[in-house]
Structure formats: structure tokens, C-alpha cells
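Structural features, examined
Read off the chains here:
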Amino acid sequence: MSQDIYVLIEHNQGQVAEISYVMLAAGRQLAGIHGSQLFAMLLGYQAQGLSLDIAADKLLYIDHPALKEFAQDAYLLTLTEIIKSRQPRVVLFGNTTIGSDIAGAVSIALGLDLASSCRYFTSDGKFVSQICGGKIMAEGNLSSGTTLLTMVPGGYKPEEGQSEHPPVIENFSPPVLDNLRIKNIKFIQPESFDIDISKESILISVGRGIQTRDNLELAENLANSLGGVVCASRPVIDQGWLPTTRLVGKSGKHVKPKVYIALGISGAPEHVEAITGSETIIAINTDPKAPIFDIATYGTETDLFDLIDVLVEKVEAAKAS
Ligand SMILES: Cc1cc2nc3c(=O)[nH]c(=O)nc-3n(C[C@H](O)[C@H](O)[C@H](O)COP(=O)(O)OP(=O)(O)OC[C@H]3O[C@@H](n4cnc5c(N)ncnc54)[C@H](O)[C@@H]3O)c2cc1C
């Protein structure tokens with residue numbers, strides 16, 4: 001078995017998914033620990049251009065029309081071939097729809113150990129995974145054979161996995177990809193009728209503590225004043241007070257704004273896992289024991305209804321001066 005670290009680059013519609021860069025940053029750390037090389041695996045069709053900013057020692061490129069978009073059986077045949085011939089120490093996949101789908105299949109096909117939801121690696125190469133929706137962090141040793149891991153965001157900055165120097169490309173011949181059971185027929189773009197909260201730099205997030213739909217206006221006022229956007233936890237979305245595009249959390253969007261203001265949000269694991277990439281988290285919650293305070297940069301146990309108007313006034317006064 002080699003000591004090299006392999007990362008599966010996820011891409012869709014000509015865009016490399018951000019989790020790929022997070023994995024490259026993690027893979028770089030692991031390769032340093034093992035004194036080995038970091039390989040990125042790019043499966044695609046006429047897609048070499050996607051490799052330009054990939055921070056890996058080498059890019060293993062596999063070109064085939066059947067790999068143009070993700071399809072489990074074509075990916076499975078290709079990845080099992082690579083892993084059997086290269087015997088990497090670790091293979092990293094995104095803990096995403098694609099990554100979880102293919103990592104499980106590879107694990108079964110090759111009888112390799114798979115650990116999921118890895119957030120980061122310790123300095124001596126143990127993996128740390130979040131379990132129970134992030135309530136517990138579990139540390140584990142790599143198994144003796146090739147270890148497969150799926151990774152969640154939050155442990156590494158995507159920029160750490162990017163480079164101005166493209167990696168050396170090594171072509172890998174695809175296996176025979178005939179008689180596949182799955183063929184992609186058509187890509188249906190999801191309707192985009194709203195802003196993308198994952199790209200916003202100031203988010204005012206409202207939780208059940210906002211109490212009524214009418215009270216959302218308070219959050220809107222604060223958002224307008226700060227140049228931000230309103231988003232929400234699940235109870236607010238479930239009430240239909242905001243569209244699902246504004247949901248922050250496990251079942252919604254992961255966000256990484258400069259400032260995340262949580263108004264009346266308790267900090268359940270399903271919510272918190274999606275906001276840890278924020279630069280600054282400000283929690284406003286009347287319950288001093290609310291878990292949101294455990295991850296907040298700043299917090300106040302003030303009633304949000306006493307605070308918002310004052311905050312808006314202060315922001316406007318600061319802007320005027
Ligand atoms: C499979 C699964 C997926 C899920 N996915 C998501 C998800 O994607 N996103 C998500 O958010 N949740 C998700 N949840 C739900 C999650 O477990 C929590 O139930 C939810 O996040 C709680 O939302 P909340 O904090 O707004 O409400 P609560 O937990 O009810 O908290 C409300 C908070 O407001 C505070 N408060 C009340 N009044 C005031 C006031 N006047 N001023 C200041 N503070 C006040 C209270 O002290 C309390 O802490 C998921 C759950 C499951 C099981």
C-alpha cells in the first residue's frame with residue numbers, strides 16, 4: 001500500500017464544488033504527516049480545465065463521455081480500478097449527495113473501511129468526525145488498509161486547497177464503461193427565484209423566538225440597515241414565513257458570511273453545523289443556557305424585541321456620522 005492521499009474532485013456543470021478544496025486542504029495536511037503525495041482525482045469529459053486552481057501534487061485525470069456528469073456505476077468502475085492499482089493510504093470524498101453515494105459503493109465493492117462526516121485531522125493523523133448531528137465529536141485512527149472518509153466543511157478553509165500553480169496532470173485510462181445501468185439524460189436546473197444566502201456576507205437569521213410572521217419586519221429593518229439579508233431556522237421556514245431558499249442548516253444551506261446574527265435561535269446541532277464557517281457569530285437569546293452561545297463570537301441574553309430597534313438606530317447613527 002502506498003502512503004499517498006487521494007481526493008475525489010466533485011464537480012457539476014463546469015464548476016468544482018467547494019468541498020473539493022476543503023478536502024484538498026485536509027489532504028495536504030495528511031500527506032505532510034505521511035510524508036507522501038497528494039493526488040486529486042478528476043473524472044470527467046473534456047474537463048481538464050477544471051484542474052487549474054487545484055492544490056495537489058498531481059492530478060489523475062480520467063476522461064470518458066460516461067464520466068461527463070456523476071453517475072454511480074461509471075464512477076464506481078473507475079474509482080475501484082484506481083484504488084486497486086494505486087493502493088492509496090486514504091481516499092477523501094465529500095460528505096455530499098455524490099460523495100456519500102459513491103464512497104459507500106466503493107467501500108462495499110472493495111471491502112474497505114469507511115468513516116463519515118470527518119471534520120478535520122489531528123496533528124498525528126487521527127480523523128475527527130462529527131456524530132449525532134454535530135453534538136459529539138469522535139476521534140478515530142485510520143484503519144490498516146486504505147481508509148475511505150467522507151468530509152464535512154468547517155475544518156479547513158477552501159482557499160487552502162486552491163493554488164495558482166496547476167498540478168501536474170497524469171492521465172489514467174478509464175476501464176471499459178459499456179452497458180452502464182445509469183445514463184444521465186437531462187440536467188434540470190433548479191428554479192432560482194431567490195438570492196443565494198450561501199454567498200451573502202451579512203445574514204440576519206431569525207428563529208422561533210421571533211414569534212410571528214409580522215415580527216419578521218424587525219429583522220428586515222436590521223438587514224436593510226446593515227446591508228444584509230434575512231434567513232431563518234427551520235421552524236420559521238416550516239411556518240411558511242420565508243421561502244425554503246432561506247433555510248440555514250442541515251436540510252438547507254451552509255453559510256459562511258462575515259457576520260451571522262442569530263435572533264431567537266437556540267443553536268440545535270442541525271442548525272449549528274451550517275454556520276460554523278461564519279467569521280463572526282452574534283447570538284441574541286434570552287436563555288443563558290442556549291447552545292448557540294457555545295459557538296457565538298459575541299452574545300447577549302437580551303430580549304430581541306428590546307434590542308432590534310435600538311440596534312437599527314445605532315447603526316443608522318453610525319452611518320450618518
Ligand atoms: C433531520 C433534521 C434536520 C433538521 N434540519 C434543520 C435545518 O436545516 N435547520 C434548522 O434550523 N433546524 C433543523 N432541524 C431542526 C432543529 O433540530 C431545531 O428544532 C431547530 O433548529 C430549532 O429552531 P430554533 O432555534 O429557531 O427554535 P427553538 O429551538 O425553539 O429556539 C428558540 C430560541 O429562541 C429564544 N427566544 C425566545 N424568545 C426570545 C426573545 N424574545 N428574545 C431572544 N430570544 C428568544 C429561546 O430562548 C430559544 O433558545 C432539523 C431537525 C432534524 C431532526
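Further up the page is the structure itself.
Residues numbered from 1 in each chain as written. Predicted model: local features only at pLDDT ≥ 70, side-chain atom pairs only at ≥ 80, totals over all residues. Heavy atoms only, no water.

Re the sheet that holds strand 9 (residues 136-140)
Put simply, the rule reads: A pair of strands counts as paired when DSSP detects no fewer than two bridges linking them. Numbered from the N terminus, helices here are DSSP runs of H or I no shorter than four residues, and strands are runs of E no shorter than two. In this analysis an axis means a line fitted to C-alpha atoms, helices contributing only their contacting stretch, and an angle means the value between N-to-C directions, from 0 to 180 degrees.
On the basis of which strands lie adjacent, the open sheet formed by nine strands has the order 9-8-7-10-6-1-4-5-11 and mixed pairing. Each of the sheet's edge strands pairs with one partner strand only, and the pair in question is strand 9 and strand 11 (168-171). If you compare each strand with its neighbour and ignore which way they point, the axes differ by 35° on average. With four bridges joining them, strand 5 (residues 58-63) and strand 11 adopt parallel strand pairing. In the sheet register, Leu59 faces strand 11, and the bridge partner there is Ile169.

Thoughts on the side chain of Ser278
In plain terms, the rule: Each polar contact in these results corresponds to two N or O atoms within 3.5 Å; when the atoms are within protein, one needs to be able to donate a hydrogen and the other to accept it, and residues that are neighboring in sequence are counted only if both atoms are side-chain atoms. By the convention used here, residues are in contact when the closest approach between their heavy atoms is within 4.5 Å.
Looking at the element boundaries, Ser278 is found in the loop between helix 6 (269-272) and strand 15 (280-284). For Ser278, the side chain forms a polar contact with the main-chain oxygen of Ile275, separated by 2.7 Å. Among all residues touching Ser278, those that are not within four sequence positions of it are Val255, Lys256, Pro257 and Tyr260.

Regarding the packing of aromatic side chains
As a reminder, the rule being used: Classification of ring pairs rests on two measures: the distance between centres of Phe, Tyr or Trp rings, Trp counted by its six-membered ring, which must be within 6.5 Å, and the angle between planes, read as stacked under 30 degrees, edge-to-face over 60 and tilted in between. Partly exposed describes any residue whose relative accessible area lies between the buried limit of under 20% and the exposed limit of over 50%, with all areas from a 1.4 Å probe on protein chains only and scaled to the type maximum.
Evaluated as defined, the whole model comprises two aromatic pairs. Seen in terms of ring centroids, Tyr6 and Phe39 are 4.6 Å apart; in terms of plane orientation they differ by 10°. Their pairing is stacked. Pair noted here: Tyr6 is in strand 1 (residues 5-8) and Phe39 is in strand 4 (residues 38-44), with a separation of 33 residues, a long-range link. The exposure class of Tyr6 is buried, given its relative accessible area of 1%. A centroid spacing of 4.8 Å and a plane angle of 75° characterise the contact between Phe70 and Tyr75, whose relative ring orientation is edge-to-face.

Some points on the site of the ligand
Cut-off, in case you're wondering: Being near a molecule or strand, for a residue, means having at least one of its heavy atoms within 4 Å of it. Each accessible area value is a Shrake-Rupley result obtained with a 1.4 Å probe; residue values ignore everything except the protein chains displayed when judging cover.
Around the ligand, a shell composed of 26 residues is seen, among which Arg208, Ser233, Ser251, Ser266 and Asn285 lie nearest. The separation between an oxygen atom of the ligand and a polar side-chain atom of Glu270 is 2.8 Å. In the model, a nitrogen atom of the ligand is placed 3.0 Å from a nitrogen or oxygen of the Asp303 side chain. Its free accessible area being 980 Å², the ligand has 74% of it covered by the protein chains. Taken together, the elements giving at least two residues each to the shell around the ligand come down to helix 5 (234-238), helix 6 and helix 8 (304-320).

As for the side chain of Thr80
Its place among the elements puts Thr80 in helix 2 (residues 72-86). Using a relative accessible area of 9% as the deciding quantity, one classes Thr80 as buried. Residues within four places of Thr80 in sequence aside, it is in contact with Ala109 and Leu110.

Focus on the sheet that holds strand 13 (residues 229-232)
Across the sheet, which stays open at both edges, the five strands sit in the order 13-12-14-15-16 with parallel pairing between neighbours. Strands with a single pairing partner mark the edges of an open sheet, and in this sheet they are strand 13 and strand 16 (298-300). Taking each pair of neighbouring strands and ignoring which way they run, the sheet shows an average axis angle of 20°. With five bridges connecting them, strand 12 (residues 202-206) and strand 14 (residues 259-263) associate as parallel partners. Looking at the pairing, Ile202 lines up with Val259 of strand 14.

Things to note about the environment of Met151
The residue Met151 is located in strand 10 (residues 147-151) in this model. With relative accessibility at 0%, the residue Met151 sits in the buried group. Each C-alpha atom of the pair Met151 and Tyr120 lies 8.0 Å from the other, and the pair is 31 residues apart in sequence. Other than its neighbours up to four places away in sequence, Met151 contacts Ile19, Met23, Ala26, Leu92, Phe93, Gly94, Asn95, Cys118, Arg119, Tyr120, Phe121 and Tyr156.

None of this, on its own, says anything about what the molecule does.
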